[in-house]
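Residue-level listing of the chains:
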Amino acid sequence: MDYLEAASLAAKIGPKYVIPTHYGSIVGNIEDGTLFKNSLSKKIKCEILIKEENINNERDYK
């Protein structure tokens, strides 16, 4: 599913909030998260979390 398909699905579901988490790690690239956010209705709030490596080489979301 690309960012446009994801935004279309979000519009059909109608959530208040969405958090794209797969872009840049499982599919697509980091910029796709921003494109997804910009493709959403203004009624849907979107928070993009930034992944950072921690001391144990595990990924944390901030």
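The structure we're discussing is the one just above.
Let me begin by describing the structure that accompanies this report.

Cut-offs applied
- Residues numbered from 1 in each chain as written.
- Predicted model: local features only at pLDDT ≥ 70, side-chain atom pairs only at ≥ 80, totals over all residues.
- Heavy atoms only, no water.
- Core = buried A, V, L, I, M, F, W, Y, C linked by side-chain atoms within 4.5 Å.
- Buried < 20%, exposed > 50% of the residue type's maximum accessible area, 1.4 Å probe, protein only.
- Helix = DSSP H or I, 4+ residues; strand = E, 2+ residues; numbered from the N terminus.
- Contact = heavy atoms within 4.5 Å.
- Arc of directions from axis to C-beta.
- Axes fitted to C-alpha atoms, helices over the stretch in contact; angles between N-to-C directions.
- Left-handed = near helix turned anticlockwise from the far one by under 90°.
- Nonpolar A, V, L, I, M, F, W, Y, C, P; charged D, E, K, R; others polar.

Most often, soluble globular proteins keep nonpolar side chains buried together rather than apart. Residues Ala6, Ala7, Ala10, Val18, Tyr23, Phe36, Leu40, Ile44 and Cys46 constitute the largest nonpolar core, which totals nine residues. Examining the composition of this core, we find that three residues originate from one element, helix 1 (residues 3–13), more than from any other. Ignoring anything within four residues of it in the chain, the contact list for Ala7 reads Phe36, Ser39 and Leu40.

So, about helix 1. Within the span of helix 1, buried status applies to Ala6, Ala7 and Ala10. Burial along helix 1 is one-sided: seen end-on, the buried residues are contained in an arc of 100 degrees. Projecting away from the buried face of helix 1 at angles above 90 degrees are the exposed residues Ala11 and Lys12. Here the buried face of helix 1 lies against helix 2 (30–39).

Here the focus is the packing of helix 1 against helix 2. Between helix 1 and helix 2, whose axes approach to 9 Å, the crossing angle comes to 35 degrees. Helix 2 is crossed by helix 1, and the crossing has right-handed handedness. Residues Tyr3, Leu4, Ala6 and Ala7 of helix 1 pack against Asp32, Leu35, Phe36 and Ser39 of helix 2. Of the residues contributing to the contact of helix 1 with helix 2, the split by class is six nonpolar, one polar and one charged.

What is shown is where atoms sit, not what they do.
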